[in-house]
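Observations on chain architecture
Each chain, letter by letter, is given below.
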Amino acid sequence: MTAKERTQALLSFIEKSPSPFHAVREISGRLEQEGFEYLPETKPFQVVRGGKYYTQRNGSSIIAFRIPENPKGGFQMMASHSDSPCFKIKGENPFVTDANYTRLNVERYGGMIMAPWLDRPLGIAGRVIVRTENGVRAELVDSGKNLAVIPNMPIHLSRQMNESLSYDTQKEMLPVIGGPDAKEHFFEAIGCSASADQILGMDLYLYNRVPGTLYGTDEEYVGSAKLDDLQCAYGTLEGFLAAQGGEKISVYCVFDNEEVGSSTKQGAASTFLADTLERIWNGLGGDALSLKCAVADSFLVSADNAHAQHPAHPDKYDPNSRVYMNKGIVIKQSANQKYTTDAMSEAVTKKICQDAGVPCQIFANHSNIPGGSTLGGISSSQVSAASVDIGLAQLAMHSPYETAGTLDTEYLVQFSRKFYETPLHAEDGGFTF
């Protein structure tokens, strides 16, 4: 597959993933096509050597794993996240109605750039919880059409808007969905099969409906919603599925709620990964002590996108550790361990990039401008394995429409494949492979 074909496949994946629940459904379907067996957390895992399996939590986080016929050592893991900053619909009655408009009551989810949400077509997706004769069930919904808009003030009435951008979420960022009777048709409009009186709960999010596209004089850039972090979720999945052989148990993870701290039952700070590894190990006949040894002989790659240097703001970046789109895997460094990379995990990652024929580059924040953290350190607090933080370079992170490099998704697929195919064994303070 060429880099542009791979990027088009990424855009198709993103289009089918307007919420974390839809992303996990899309990943689950891909795993099912490849012969992976679903193991619900509510039952003991029945696993065998040579088997391929996956499990979910909350419908918004997923872990898949492949067991070799003769496993040696511990686990080789890659982790990304399913959520992106957006607006979440809130309240028991989310409709704000007057004589002419119906708007939705929303709040911010994650550290978002607010201005680009204005004046663009928005959809609504997520899940509703429906009452049935046997209890309650979740139903995924997606408007699948342009349903809402957050209108700007005209500049004639707000002459200073280009001098300072500041928005009151409760007042200015409520999306318009129609006239005063729009609430009567809302649940039908988002694709819900249940009537309003059957709905007992909602996790609904706004999403950008502008299609992803390639642009630039040679189509060297890709623009889309949710590149952070569905680009990594997709790229690591394709590498995981393409990998052949390998002595260790391969593990693919996508966690929800990274953008709000990961401290949920389905987040990276939860026991989801540790629980799954324990279930796998017990299913293969291992005990608690041998599991600790296996984790000590494991390696985790946290994959979450990185800041490409912005051409208009070079002063915001470290003068020597700048990264660019279309130049491969970004290895992230941080002295305060916002990123888990250390010299050893960096060296291992560079070596795998070389073996895969994939370029890599090093990112470090400007010393006076602290950057954000990722799920790598949070995951490591639950599963204490050697770890590295990587990503792909992009512009406008946390915008509803971000920009990345057309070449980089395929670079991540090739790196991920080589990572899973290369047995890494902790030995004498280093790794052999």
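Residues numbered from 1 in each chain as written. Predicted model: local features only at pLDDT ≥ 70, side-chain atom pairs only at ≥ 80, totals over all residues. Heavy atoms only, no water.

A look at the nonpolar core
- Counting 45 residues, the largest nonpolar core has Leu-31, Tyr-252, Ile-390 and Phe-415 as its most contacted members.
- Broken down by element, the residue count for this core peaks at eight residues, all from helix 5 (residues 227-242).
- Apart from the residues within four sequence positions on either side, Leu-31 is in contact with Phe-36, Tyr-54, Ile-62, Ala-64, Leu-237, Phe-240 and Leu-241.
- One finds Leu-104, Val-141, Met-173 and Leu-206 within the second-largest nonpolar core, a separate group that totals 34 residues. (Core = buried A, V, L, I, M, F, W, Y, C linked by side-chain atoms within 4.5 Å. Buried < 20%, exposed > 50% of the residue type's maximum accessible area, 1.4 Å probe, protein only. Helix = DSSP H or I, 4+ residues; strand = E, 2+ residues; numbered from the N terminus. Contact = heavy atoms within 4.5 Å.)

Side note on the packing of helix 6 (residues 272-283) against helix 7 (residues 288-296)
- Relative orientation of the contacting elements helix 6 and helix 7 amounts to 120 degrees, with a least axis distance of 10 Å. Relative to helix 7, the element helix 6 lies oblique. The crossing of helix 6 and helix 7 is right-handed. Two secondary-structure elements touch here, helix 6 through Leu-277, Glu-278 and Trp-281 and helix 7 through Ser-290, Leu-291 and Ala-294.
- Along the lines of polarity and charge, the residues of the contact of helix 6 with helix 7 split into four nonpolar, one polar and one charged. (Axes fitted to C-alpha atoms, helices over the stretch in contact; angles between N-to-C directions. Parallel < 35°, antiparallel > 145°, perpendicular 65-115°, else oblique. Left-handed = near helix turned anticlockwise from the far one by under 90°. Nonpolar A, V, L, I, M, F, W, Y, C, P; charged D, E, K, R; others polar.)

With respect to the environment of Ala-288
- Mapped onto the fold, Ala-288 is located in helix 7.
- According to the relative accessible area criterion, Ala-288 is exposed, its value standing at 55%.
- Sequence spacing of Ala-288 and Glu-278 is 10 residues, and the spatial spacing of their C-alpha atoms is 8.1 Å.

Here we look at the pairing of strand 19 (residues 360-364)
- As defined by bridge partners, strand 18 (residues 329-333) adjoins strand 19 across five bridges and the pair is classed as parallel. For Ile-331, the partnering residue across the bridge sits in strand 19 and is Ile-362.
- In terms of handedness, the path from strand 18 via helix 8 (residues 343-356) over to strand 19 forms a crossover that is right-handed. (Pairing = 2+ DSSP bridges. Right-handed = clockwise from strand over helix to strand, strands pointing away.)

Structural notes on the pattern of salt bridges
- What the rule picks out here adds up to 14 salt bridges.
- Between Glu-34 and Arg-30 there is a salt bridge, with the nearest N and O atoms lying 2.9 Å from each other.
- Since its relative accessible area comes to 31%, Glu-34 is described here as partly exposed.
- Across the pair Asp-275 and Arg-57 runs a salt bridge whose closest N-O atoms are separated by 3.2 Å. Remark: Arg-57 occurs in strand 2 (residues 52-57) and Asp-275 occurs in helix 6; sequence separation between them is 218 residues.
- Here the salt bridges do not stand alone but share partners, grouping Arg-6, Arg-30, Glu-34, Glu-238 and Glu-410 into one network. (Salt bridge = Lys/Arg side-chain N within 4 Å of Asp/Glu carboxyl O.)

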